[in-house]
Amino acid sequence: MTSVTTPAASTELEDAETGRLDAAIADLHVGARTWAALTLAQRVTLLRAVRTSVAAAAEDWANTAAASKGLDARHPLRGEEWLSGPYSVLGALDASIETLARLARGANPLDGITVERGQGGRTRVHAFPLTGIDSFLLSGYTGEVWLRPGVTPNQARAKAGLAQRTPTESGGVGLVLGAGNITSIPVLDVLYELLAHNRTALLKVNPTQDSLVPIYKRAFAPLIEPGFVRIVRGGPAVGSYLTGHPDIAHVHITGSAATFDTIVWGASTSSATQGADSATQGAGSATQGAGSATQGADSATKEGADGRRPLLQKPITAELGGVSPIIVVPGEWSAADLTYHAEHIATMRLQNSGHNCIAGQVVILSSDWAQADAFRAELRRAYANAPERPTWYPGAPARVHGATDDYPDALVLGDRVLVELDSDDDATALQNTEYFAPVLGVVTVAGTGQVFLDAAVAYANDRLQGTLGANLLIHPATERSLGAGFDRAIAALRYGSIAINGWTAFGFITPTLTWGAFPGSTIEDVGSGIGVVHNALLLDDVERSVIRGPFRPLPRSLPILNGGGRFTILPKPPWFVSARTGAVVSEGLTRFRATGGVLGLIRTLTRALRA
């Protein structure tokens, strides 16, 4: 990560290096004036050029990212790098272009989008799906953005657009400390700086992604040439120099709370200055964390609430991960349901070898569920049978060893650890350590129905570290039986992203949803971070995003078989680690997103049916 500039840290850089960094920042200040002079229509044209360059770089991007993580061209999980890299960025560009185009013609970003009152009087924006192709390809999935209590639908519409409502007001130059685990994160953070804040951006790439720098520069060429973006490499000294630079107006970081504290308060953790993910703290992310133009940019320019004076004298936003729950609500599940959702949970933990802030970590089961033992057996099988892959992120082996030291009875499968605890076992380490590695825990609470659900929500809120994302699996018949109690429980979950019969990663790659911690963190107690990103509708006053998915895949999603659940055309989502054709389907979907082509899409869907 980075820390504030100190005289000792600054002297670690050669004069030529500081000169190079100063020149980049000076270029961005010139670029900020140019950006402020562009009309919204000109910005749309520019983003379309970026889209073209990203599409052209997509194959090299995905292949380079896969190789950097030890996945060769034949590895069944290489598709992860297509979806979490260029696919995510192309989707964000498409959605951002639509928002700016609406503003350019005098329309509102929320025109034609359902905005209504929901649980607790909250305004809910039905933010996904918004296109016919998304409704078809991702049938069964929906997403809402919930705004903070008290915000009315009219207020939501009035503020939608953020800084693009006043495009001539420059936000200066921002520093983005790029995450080291998911390759779209740095790019998406830079786009958010430009669009939500009217800030040009200096991206410091995490050293784990140095091999992507030439590709980032090709993909971002239309923004680099006029001085809207600059990209630099470097280690602790570069990060330290930049965070303390007087001409940087704002800092955004994806990483760990320890890294955040190093930047803001001058903690002595020098290893945290490596980039946007801390290799020693297990934070890092498939996600990012800048805040909206007005709500998320907590300022470190005054004394903290506890009387301490921060060393960082400028605003900072952050996404810092956490320990994500997976609540499994007891019900009458078929054998196929048990198998499918065991693979679902294995995916939540093992995608990218667990090096994700959105990785599910603690499964919360009912000790009174008649099928609990059968589900545990399926979970062990799914965890063991997932394709092998390297545990590549720095510091991960030490955290895996720490888990086995804390829980010597855990099931160890190579680099993977499955910790199953009884109600009287000490779960403290599991609850408070974001392992950022393939370590999955299972805990229990008593009860069934509403009693269990309320207890599980309280467990997630009160015992697990962080507020970034929560996942919940529930049979449609059980949800119907709970009625309004289910809605109240979802509203009570204090998480910035909630996935019902899905994984919060779906929210991460859906650009019209938001990504970030639940509101309320401060620089003194930062938790999972401050502010949101993605948010292509440019909504203000965001509280959370809520995703819903199908309980059963095709063909069991057909109305006569789905138990009252949602229909989907997907037999198994391509992001499942158990999807046999996940790699080719992920690549095919990205190519379709990039260039279109009906024949290619048909081939991709045919392969998806064999997942």
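Residues numbered from 1 in each chain as written. Predicted model: local features only at pLDDT ≥ 70, side-chain atom pairs only at ≥ 80, totals over all residues. Heavy atoms only, no water.

If you look the protein up in an unreviewed UniProt entry, it shows as NAD/NADP-dependent betaine aldehyde dehydrogenase from Microbacterium oxydans.

Right, let's talk about the sheet that holds strand β8 (residues 316–319) for a bit. Within a sheet, neighbouring strands are paired by backbone hydrogen bonds and run either parallel or antiparallel to one another. Ordered by their spatial adjacency, six strands build an open sheet running β6-β5-β4-β7-β8-β17, and the pairing between neighbours is mixed. Bordering the open sheet on either side are β6 (229–232) and β17 (529–530), each of which pairs with just one other strand. (Pairing = 2+ DSSP bridges. Helix = DSSP H or I, 4+ residues; strand = E, 2+ residues; numbered from the N terminus.)

The sites that UniProt annotates as "domain: Aldehyde dehydrogenase" (unreviewed entry) are residues 313–384. End C-alpha to end C-alpha, residues 313–384 measures 48 Å, and it is 40% helix and 22% strand. (UniProt positions renumbered as here; feature names shortened; annotations may be inferred.)

Secondary-structure assignment places N535 in the loop between β18 (532–534) and β19 (542–548). Among the polar contacts made by the side chain of N535, one reaches the main-chain carbonyl oxygen of L539 at a distance of 3.0 Å. Sequence-distant contacts of N535, defined by excluding residues within four places in its chain, comprise L162, Y192, P511, L513 and T514. (Polar contact = N/O pair within 3.5 Å; in protein donor to acceptor, adjacent residues only side chain to side chain. Contact = heavy atoms within 4.5 Å.)

Read across the sheet, eleven strands follow the order β1-β2-β3-β19-β15-β14-β9-β10-β13-β12-β11 without closing on themselves; strand pairing throughout is mixed. Either end of the sheet is taken by a strand with one partner, and the two such strands are β1 (115–117) and β11 (411–413). Strand-to-strand twist across the sheet, computed as the mean angle between neighbouring axes with direction ignored, equals 20°. Bridge count between β11 and strand β12 (residues 416–420): three bridges; the pairing is antiparallel. Following the sheet pairing, L411 is matched in β12 by L418. Sitting on the sheet, helix α18 (residues 484–492) touches β3 (142–147), β14 (469–473), β15 (497–500) and β19, and the angle it makes with β19 is about 130°. (Axes fitted to C-alpha atoms, helices over the stretch in contact; angles between N-to-C directions.)

Before going further, it helps to spend a moment on the pattern of salt bridges. Applying the stated criterion across every chain, the model contains 27 salt bridges. Of the charged contacts, one joins D337 and R552 as a salt bridge, the two residues approaching to 2.8 Å between their closest N and O atoms. Highlighted residues: D337 in helix α12 (residues 335–350) and R552 in the loop between β19 and α20 (582–595), separated in sequence by 215 residues. Put simply, R51, D94, D134 and R593 are held in one network by salt bridges that share partners. (Salt bridge = Lys/Arg side-chain N within 4 Å of Asp/Glu carboxyl O.)

Here we come to the packing of aromatic side chains. What the rule picks out here adds up to 14 aromatic pairs. Between the aromatic rings of F506 and W575, the centroid separation amounts to 6.0 Å while the plane-to-plane angle is 55°, which identifies the pairing as tilted. Residue F506 is located in helix α19 (residues 505–508), and its partner W575 is located in the loop between β19 and α20; the two are separated by 69 residues in the primary sequence. Using a relative accessible area of 16% as the deciding quantity, one classes W575 as buried. In this structure an aromatic cluster arises from ring pairing among F128, Y141, F506 and W575. Lying over the aromatic face of Y87, R593 brings its terminal NZ or CZ to 5.3 Å of the ring centre. (Phe/Tyr/Trp six-rings, centres within 6.5 Å; stacked < 30°, edge-to-face > 60°. Buried < 20%, exposed > 50% of the residue type's maximum accessible area, 1.4 Å probe, protein only. Lys NZ or Arg CZ within 6 Å of the ring centre and 35° of its normal.)

Attention shifts here to the packing of helix α4 (residues 79–104) against α20. At a closest axis distance of 9 Å, the pairing of α4 and α20 adopts a crossing angle of 20°. Viewed along their axes, α4 and α20 adopt a mutual orientation that is roughly parallel. The two elements α4 and α20 meet at a crossing, and its hand is left-handed. Contacts between α4 and α20 involve G79, W82, L83, P86, Y87, L90, G91 and D94 from the first element and G582, A583, S586, E587, L589, T590, R591, R593 and A594 from the second. The class makeup of the residues in the contact of α4 with α20 is eight nonpolar, five polar and four charged. (Parallel < 35°, antiparallel > 145°, perpendicular 65-115°, else oblique. Left-handed = near helix turned anticlockwise from the far one by under 90°. Nonpolar A, V, L, I, M, F, W, Y, C, P; charged D, E, K, R; others polar.)

Before going further, it helps to examine the domain arrangement of the protein. Interface extent is often summarised as the accessible area lost during association of the parts. One can read the domain layout of the protein as domain 1 (23–109 + 160–262) and domain 2 (579–610). Here domain 1 and domain 2 have C-alpha centroids that lie 26 Å from each other. Listed as interface residues are 14 residues of domain 1 and, on the opposing side, ten residues of domain 2. Between domain 1 and domain 2 lies a buried interface of about 1100 Å² when both sides are counted; carbon and sulfur atoms form 60% of it. Three residues, R78, W82 and Y87, lead the burial of domain 1 against domain 2; their summed loss comes to 44% of the area buried on that side. The tally of links between domain 1 and domain 2 comes to two salt bridges. Between R593 and D94 there is a salt bridge, with its nearest N and O atoms 3.3 Å apart. Linking domain 1 with domain 2 are four residue pairs in polar contact (both at pLDDT 80 or more). Secondary structure elements with two or more residues in the side of domain 1 that touches domain 2: α3 (40–68) and α4. (Domains from an automatic or database assignment. Buried area = accessible area lost by both parts, 1.4 Å probe.)

Here we come to unusual backbone geometry. Of note, the amide linkage connecting F128 to P129 takes the cis form, showing an omega dihedral of -5°. Structurally, P129 is set in the loop between β2 (123–128) and α5 (132–137). Although it is not a glycine, H534 adopts a positive phi angle of roughly 65°. In this fold, H534 is placed in strand β18. Positive phi outside glycine occurs at D541, with the angle close to 60°. Along the polypeptide, D541 turns up in the loop between β18 and β19.

To continue, consider the pairing of strand β9 (residues 324–328). Judged by how many residues are buried, β9 sits mostly within the fold: five of five residues are covered. Going residue by residue along β9, you find S324, I326 and V328 tucked away on one face and P325 and I327 tucked away on the opposite face as well. Pairing between β9 and strand β10 (residues 360–366): four bridges, direction parallel. Across the sheet, S324 pairs through a bridge with G360, a residue of β10.

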